[in-house]
Each structure stands twice: as C-alpha cells, then as structure tokens.
Amino acid sequence: MGRLENKVALVTGAARGQGRSHAVRLAEEGADIVAIDICAPVATVPYDSSTPDDLAITVELVKETGRHIIHRECDIRDLAGLQLVVADAVEQLGGIDIVVANAGITSFAPSWELSEEQWQEMVDINLTGAWKTTKAAIPSMIERGKGGSIILTSSIAGVIAFPNLSHYTAAKHGVTGLMRALAIELAPHNIRVNSVHPTNVNTPMINNSSVLELFFPHLDNPTQAEVEAGFTPMQALRIPWLEPIDVSNAVVHFACDESRYVTGTTHVIDAGGTAPFKIPSL
C-alpha cells in the first residue's frame, strides 16, 4: 500500500515541470489527482508557457500508475474556476485531502525597470494565485472533517533576496507568510500547512533562452556544459540544479502521515544555496 492510498491531491501548474512530477509522484504513492494548469501564454512571461498537450502527457503518466485523475485548464487567478474544479473533485472523487499550490511564473528586470504589468502579474499568480487555490479548497476540506495537508511552493527567494527578481522575491516571501498564517488558522481542523523552497530546478522555467541569455550574456547559444558550469556556483554542493523529483519527494513527505505533526515550516531544498557563502549576482 502506498503512503497516500485513498487520498486525493489537487496540484496546480501540473502540465509540466515540478507540477507534473508532483502529480505523478503523489499518484505513485496511491493518491488520485486533480491536475490544474493554465495551458496558455501569460503576457509578461518571457518563455513558452505550458500547453494542452503538456497537460495531456501528465494525465497519461498518472493513469499509468493506476490512479484516477481529473484535469482542467484553469487560471489560478480565476477563483470561480478553481471553485468549480474543487466541486468536481468533491463530486467525482469524494473530496480533497492534499493541496499542492505549485503554479508560478518568473521574469527578470531591476525593480525600477519593471512595468506595472510585470509586477502585478507576478503577485497575482505567484502569491494571490496560491491564496485563491487554498481559498477554493479549504472549505470542503474543513467540511469533510478528515484533516489534510497543504503544501505551498515558495523558493529560496522566499527566504533570501535576489537581484533582478524583486517582484518574484516579494511574492515568494508572501507565500511564506501565507503558509505560516494558514498553519495557525487550520491547526484546529487538523489541516497542516508547510512550504517548500527549492533552488534552481531543471524545468522549462529555468532552461529556456530568456533565462540563459540573462545568466550568460557573453555567450551565443551556450552549450549544456557551459550552462551547467554557470549554474553550479549558486549551490554549495557541486550541482547546477535540482531535478523535479527532488522537490516531489519532499512534497510526498509533507502530504503523508510521516509528517503528521509538522506544520508551519519552511523546508529548504537548495543543495546549500542559502548557506553562508557568496552567491554570484545575476
């Protein structure tokens, strides 16, 4: 029996990257999945967004585990849409036990050069979207009376600062604060709330031309070896980035009873990236 047998997990940003990894890993442990992704471009994001085809791949990977999956194309800025997805989950799967608020975006510029649209869209998705996800799911979790676990995806930018990412850093610090407040509010209902804080992760959010141009402006079409060498100094351990599974395993830990008395915590997964050594500026 898996560690999450007879549980239902809602995962946002599930079409690819960390979200897909979380959905599949939770399913491998026995959970049925509610997979949400916008599957459409976001105006201020300088890289390709997920697509319906990406979400379809996630669906097939979850089905291969033998678990049920509901999938919806939904913008986490749309509270009414999220509430409809939760209602479908309650009707079709019996309710939600686990929420993984993973969806997020990034973009880059010095704070004073950010447009209002860049700032607002970042906060609307990375912070308010996480709140709307929990707002949509929590009432049914409380009414069900079986407790549960909520995992919010923050970042090491939710505990330290980075240049050219003031909007992202502010939003992710906000996610950390939201987690702590929710943990206190939901403790009487036996619903635990924790956040995960990864360093760079090997996903399309990092490995795309706009990010590589920022990190390696002196190189034309950098090779994989040059990219890995450039990212490695950001971590104390000699790796360029995490793999999505490294974060997913932490998500499973917080979702299952192994962490039944753990709530209100920030779990840093950074290969020593926030340890006291000099991090190169972007």
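Structure's up top.
Here's a quick rundown of the structure. Computed from a prediction, not measured in an experiment: that's the story for all the values here. (Residues numbered from 1 in each chain as written. Predicted model: local features only at pLDDT ≥ 70, side-chain atom pairs only at ≥ 80, totals over all residues. Heavy atoms only, no water.)

## Section: the nonpolar core
In step 1: Judged by nonpolar contacts, the single largest core of 53 residues is most densely connected at Ile96, Ile150 and Phe231.
In step 2: If you tally residues by element for this core, the top one is helix H5 (residues 166–186), at eight residues.
In step 3: Residue-level mapping places this core at the junction of two domains, with at least three residues from each of domain 1 (7–205 + 243–268) and domain 2 (207–240).
In step 4: Counting 31 residues, the second-largest nonpolar core is a separate cluster that includes Ala15, Ala35, Leu242 and Val247. (Core = buried A, V, L, I, M, F, W, Y, C linked by side-chain atoms within 4.5 Å. Buried < 20%, exposed > 50% of the residue type's maximum accessible area, 1.4 Å probe, protein only. Helix = DSSP H or I, 4+ residues; strand = E, 2+ residues; numbered from the N terminus. Domains from an automatic or database assignment.)

## Digging into the packing of helix H3 (residues 79–93) against helix H4 (residues 116–144)
In step 1: Axis separation between H3 and H4 bottoms out at 9 Å; the angle between their running directions is 35 degrees. In this structure, H3 meets H4 at a crossing whose hand is right-handed. For the pair formed by H3 and H4, the contact residues are Leu79, Leu82, Gln83, Val86 and Val90 on the first element and Lys132, Thr133, Lys135, Ala136, Ala137 and Ser140 on the second.
In step 2: Classifying every residue of the contact of H3 with H4 by side-chain character gives six nonpolar, three polar and two charged. (Axes fitted to C-alpha atoms, helices over the stretch in contact; angles between N-to-C directions. Left-handed = near helix turned anticlockwise from the far one by under 90°. Contact = heavy atoms within 4.5 Å. Nonpolar A, V, L, I, M, F, W, Y, C, P; charged D, E, K, R; others polar.)

## Structural notes on unusual backbone geometry
In step 1: The phi dihedral of Asn164 is positive, around 65 degrees, even though this residue is not glycine.
In step 2: In this structure, Asn164 sits in the loop between strand S5 (148–153) and H5.
In step 3: Phi angles above zero are rare outside glycine, and Ala271 is one such case at about 50 degrees.
In step 4: As for its placement among the helices and strands, Ala271 is situated in the segment after strand S7 (266–269).
In step 5: A relative accessible area of 12% means that Ala271 is categorised as buried.

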